[in-house]
Amino acid sequence: MDYDDSSDPFPTALKILIAGGFGVGKTTFTGAVSEIAPLSTEELLTTVSEGTDDLTGVENKTTTTVAMDFGRITLDPGHVLYLFGTPGQERFWFMWDELSEGALGAVVLADTRRLEDCFAAVDFFEQRGMGFIVAINEFDGGYRYEPEEVRSAIDLDPRVPVVRCDARISSSGIATLLTLVKHLLAHAPAAPSYGAHT
Ligand SMILES: Nc1nc2c(ncn2[C@@H]2O[C@H](COP(=O)(O)OP(=O)(O)OP(=O)(O)O)[C@@H](O)[C@H]2O)c(=O)[nH]1
Ligand SMILES: [Mg+2]
């Protein structure tokens, strides 16, 4: 990077969404990478939701996000990411429009045991023309699919990166966020501070 950030005491704030279906690990991801105590709006799962949400694979899950998760991570002296985790339960999806206001891009977490649950998030960002990547959260005991297998299963645009991650591990989450930021910069109309290609 030929850009000197050191003279600027105020880093650029970038708003990023952590999205995906119910129980894919959005709250876990945000909590693992955040350098501040993550804000989370968890409520106990009710017996009503047992009928609507598929708990396969996350049987021990007792809470769900009702509004959002919030975390912060400093990528480098010039860039701070503000992470907003979306609620996964369908009845809270009205929050997504609100949360995506001003967002630069998104990580769509996917669980390969319930891949179809990420379709709604993928559609949401495709329709709005917002840059996103798909991160496969590898749960214990799940079959390890190749990213390219996942790409063709969701019929994803070849330009959208697909990566693997473990939402519980900070370094894995950070690597995922770096992939997203690089993807956003590569497709931004102009990013002179990074000397992006014209
Ligand atoms: N084994 C394993 N468990 C995980 C992983 N990520 C999340 N979990 C567990 O999966 C459950 C669901 O994680 P959450 O972070 O609450 O998922 P969420 O996407 O925020 O869920 P909603 O907000 O309800 O949609 C929790 O019990 C986590 O401990 C992972 O990578 N591996
Ligand atoms: Mg959550």
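Residues numbered from 1 in each chain as written. Chains lettered and ligands numbered in written order. Predicted model: local features only at pLDDT ≥ 70, side-chain atom pairs only at ≥ 80, totals over all residues. Heavy atoms only, no water.

Before going further, it helps to spend a moment on empty space enclosed by the protein. Scanning the entire structure with this criterion turns up 1 cavity of 30 Å³ or more. Considered as a void within the structure, the largest cavity measures approximately 60 Å³ in volume. Contributing to the lining of the largest cavity are Asp-111, Thr-112, Arg-113, Ile-136, Asn-137, Glu-138, Phe-139, Gly-142, Tyr-143, Arg-144 and Tyr-145. Of the residues contributing to the lining of the largest cavity, the split by class is 4 nonpolar, 3 polar and 4 charged. (1 Å grid on protein atoms, 1.4 Å probe; cavity = no way out; pocket = protein on both sides within 12 Å on 5 of 7 lines; lining within 4 Å. Points joined across faces, edges and corners; volume = space filled by probe spheres on them. Nonpolar A, V, L, I, M, F, W, Y, C, P; charged D, E, K, R; others polar.)

With that settled, consider the layout of surface pockets. There is about 340 Å³ of room inside the largest pocket. Put simply, the parts of the chain that give the lining of the largest pocket at least two residues each are α1 (26-33) and β3 (63-76). A per-class count over the lining of the largest pocket returns 5 nonpolar, 10 polar and 7 charged. (Helix = DSSP H or I, 4+ residues; strand = E, 2+ residues; numbered from the N terminus.)

Around the magnesium ion (ligand 2), the donor atoms from the protein are Thr-27 (OG1) and Thr-65 (OG1), and they sit 2.0 Å away. Remark: Thr-65 occurs in strand β3 and Thr-27 occurs in helix α1; sequence separation between them is 38 residues. Thr-65 sits in the buried class, given a relative accessible area of 5%. (Donors = N, O, S within 2.8 Å, 3.2 Å for Na, K, Ca; no water. Buried < 20%, exposed > 50% of the residue type's maximum accessible area, 1.4 Å probe, protein only.)

Residues in contact with ligand 1 amount to 20 residues; listed here are only the nearest, Lys-26, Thr-27, Thr-28, Thr-64 and Asn-137. Within the backbone of Gly-23, an N or O atom sits 3.1 Å from an oxygen atom of ligand 1. The separation between an oxygen atom of ligand 1 and a polar main-chain atom of Gly-25 is 2.9 Å. Here ligand 1 is seated within the largest pocket. (Near = heavy atom within 4 Å. Polar contact = N/O pair within 3.5 Å; in protein donor to acceptor, adjacent residues only side chain to side chain. Sits in = over half its atoms within 2 Å of the grid points.)

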